Amino acid sequence: MTALPSIQGRLSRFVLGLTLLWALAGAGLVWLAVRAEVDELMDETLQDAADALAQALQVAPPPDSGAPVVVSGAAPDSHFSWQLVGPDGRLRARSARAPAQPFHAVAQHGFATAADRWQTYGQPLGAATLYVAQTTLERREALAAVGLASAGTALGVGLLALALLRARLRRELQPLHDFSTALRGHDPLTPAATLPAATRAEIAPMHDALAELGQRLQRRLANERAFTAHAAHALRTPLAGLDAQLAVALREAPAPLHPRLARMRQAAGRLSRVVTALLTLFRSGVDLQRQPVDVAGLLERLPLDGLHIDAPATTTVQADADLLAAALINLVDNSLRHGARRLQVAPAGPNRLQLRDDGSGCTPERVAALQAALQAEQYDGHMGLGLMLADIVARAHGGSLRLLADGPGFGIELDLGP
């Protein structure tokens, strides 16, 4: 069976996609907004660094010697480099990370770009020029760090919102799960059965529709029971009269007519048993009246028409006596119609009966087809009234009807539930 889409799963995936989109869009917008601010902040930092360094160099100026002085006192991971270039364009001093050649061949005061990889700020220091520089790569790294931080923050907030939404969805959908669980134990055909009250506005239309459906089913079942009961009562009397008339005719008719009259009486007796089973089944209703039933004693009261029953005298089951009688009447009739003369009935476990006759039976393929139809409750066109009623009685008890493929004749196992 194909799994149906989940409302909670669909909403969760939608919110997750929306969160990722919002994180990317938010990070892009934040990056555009702070890019100018970051550049301005870094430029101000370069300017401040130049002011501080100029004061330091004024206090302790480097000697004006031929080779430039390399100052290595800054931290190795410092993001800034500096150079002191004389008025003749000769490099007088520099930091360890600064290049060995001047940033600019001609003095540049203020902000400028050197060699496409340095952002410099030049400040006059006497006749010389002090440059404080930062690589453009470091600026891009700073901007990327801001963008990633923004995206991470947006994504984190979105995932937190997703987790909260999922938790809220589970809580909001819980009444629907509870309602579904209650429906599994709800039998609309029980007169006193009521649906659990709707706890959400969205469940109310479903609740009302199911309640109305249950009422329609109850009315239809009541009408069908009433019709079946009246029809069975109306048929039993004429059938009994017909059997009596056939018995009289059998005694008074000439001998050549006896076989035909006997067959007619057998057919009338079978019809009477079917009507009795239907009347018993529909008169019992849906409420089982479980009680200890003596199977051998029950079989003795059934019309057997010459069928010999082998049943242990101690065989007892917990069942509704009327329903069990209806099932056994039809199973006995099936055995008679298939030429059986002996029917063995024996316990097959707790509340289970095994019945096997010596009739013509069925092929293994036919038994398998009948079993599949019983499991699917597809009675129409697959089996006769006997097996159908026996299966209905077994299911009413919470059990099932199983056909036995091995052995002679026809065998079944009637499970009457726990």
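Heads up: the structure comes first, above all this text.
Since the structure is predicted, the reported quantities are computational estimates derived from the model, not experimental observations. (Residues numbered from 1 in each chain as written. Predicted model: local features only at pLDDT ≥ 70, side-chain atom pairs only at ≥ 80, totals over all residues. Heavy atoms only, no water.)

A.B. asks: What is the right way to read the packing of helix α7 (residues 364–375) against helix α8 (residues 385–396) from this model?
C.D. replies: Relative orientation and spacing of two packed helices are given, respectively, by the angle between their axes and the distance between those axes. Running from N to C, α7 and α8 cross one another at 45 degrees; their axes reach a closest spacing of 11 Å. Judged by the inter-axis angle, α7 sits oblique to α8. With respect to the hand of their crossing, α7 and α8 are arranged in right-handed fashion. Only L387, D391 and R395 of α8 make contact with α7, whose side of the interface consists of L370, L374 and Q375. Each residue belonging to the contact of α7 with α8 can be placed in one class, and the counts come to three nonpolar, one polar and two charged. (Axes fitted to C-alpha atoms, helices over the stretch in contact; angles between N-to-C directions. Helix = DSSP H or I, 4+ residues; strand = E, 2+ residues; numbered from the N terminus. Parallel < 35°, antiparallel > 145°, perpendicular 65-115°, else oblique. Left-handed = near helix turned anticlockwise from the far one by under 90°. Contact = heavy atoms within 4.5 Å. Nonpolar A, V, L, I, M, F, W, Y, C, P; charged D, E, K, R; others polar.)

A.B. asks: What am I meant to see in the pattern of salt bridges here?
C.D. replies: Here the idea is simple: oppositely charged side chains can pair when their charged atoms come close. Within the structure shown, the criterion is met by 10 salt bridges. Ionic pairing is found between E172 and R168, a salt bridge with its closest N-O pair at 3.0 Å. One end of the pair, E172, and the other, R168, are both in helix α2 (residues 136–184), four residues apart, so they sit about a helical turn from each other. Of the residues examined, E172 reaches a relative accessible area of 33% and is grouped as partly exposed. Linked by salt bridges that have partners in common, R352, R402, E413 and D415 make up one network. (Salt bridge = Lys/Arg side-chain N within 4 Å of Asp/Glu carboxyl O. Buried < 20%, exposed > 50% of the residue type's maximum accessible area, 1.4 Å probe, protein only.)

A.B. asks: Just checking my understanding: could you explain α2 for this structure?
C.D. replies: Helical geometry note: an α-helix holds 3.6 residues per turn, so side chains three or four residues apart project in the same direction. With 49 residues, α2 should reach 72 Å at 1.5 Å per residue; the first-to-last C-alpha distance of 69 Å fits that figure. Largest kink in α2: about 35 degrees, centred on L173, with the proline P175 one to four residues after it. (Expected span 1.5 Å × (residues − 1). Bend = angle between axes of the 7 residues up to and from the residue.)

A.B. asks: Sorry, what's going on with the sheet that holds strand β13 (residues 411–415) here?
C.D. replies: By way of backbone hydrogen bonds, the strands of a sheet pair with one another, either parallel or antiparallel. The strand order across the open sheet formed by five strands is β8-β10-β11-β13-β12, and the pairing between neighbours is mixed. Looking at which strands have only one partner, the edges of the open sheet turn out to be β8 (308–310) and β12 (400–404). For this sheet, the mean angle separating the axes of adjacent strands, direction not counted, is 20 degrees. As paired elements, β8 and strand β10 (residues 342–349) share three bridges and run parallel to each other. The residue of β10 that forms the bridge with H308 is R342. (Pairing = 2+ DSSP bridges.)

A.B. asks: Is there a simple way to think about the packing of aromatic side chains in this case?
C.D. replies: Ring pairs (aromatic) are described by centroid distance and by the angle formed between their planes. The full count for this structure, using the stated rule, is three aromatic pairs. With 6.3 Å between their ring centres and 80 degrees between their planes, F103 and Y131 make a pair best called edge-to-face. One end of the pair, F103, is in the loop between β3 (91–95) and β4 (110–114); the other, Y131, is in strand β6 (residues 128–135), with 28 residues separating them in the sequence. Of the two residues, F103 and Y131, both sit in the buried class. Their ring planes at 50 degrees and their centres at 4.8 Å tell us that F111 and Y121 sit as a pair that is tilted. Within this pair, whereas F111 is found in strand β4, its partner Y121 is found in strand β5 (residues 118–125), the two being separated by 10 residues in sequence. Taking relative accessible area as the criterion, F111 reaches 38% and is therefore assigned partly exposed. Look at Y121 and you get buried, because its relative accessible area is 12%. Members of the aromatic cluster, joined through ring pairs, are F103, W118 and Y131. (Phe/Tyr/Trp six-rings, centres within 6.5 Å; stacked < 30°, edge-to-face > 60°.)

A.B. asks: Is there a simple way to explain the environment of G122 in this structure?
C.D. replies: Residue position: G122 is located in strand β5. Residue class for G122 comes out buried when judged on its relative accessible area of 4%. A C-alpha to C-alpha distance of 7.9 Å links G122 and A50, two positions 72 residues apart in sequence. The contacts of G122, once residues within four sequence positions are left out, are Q108, H109, G110, T129, L130 and Y131.

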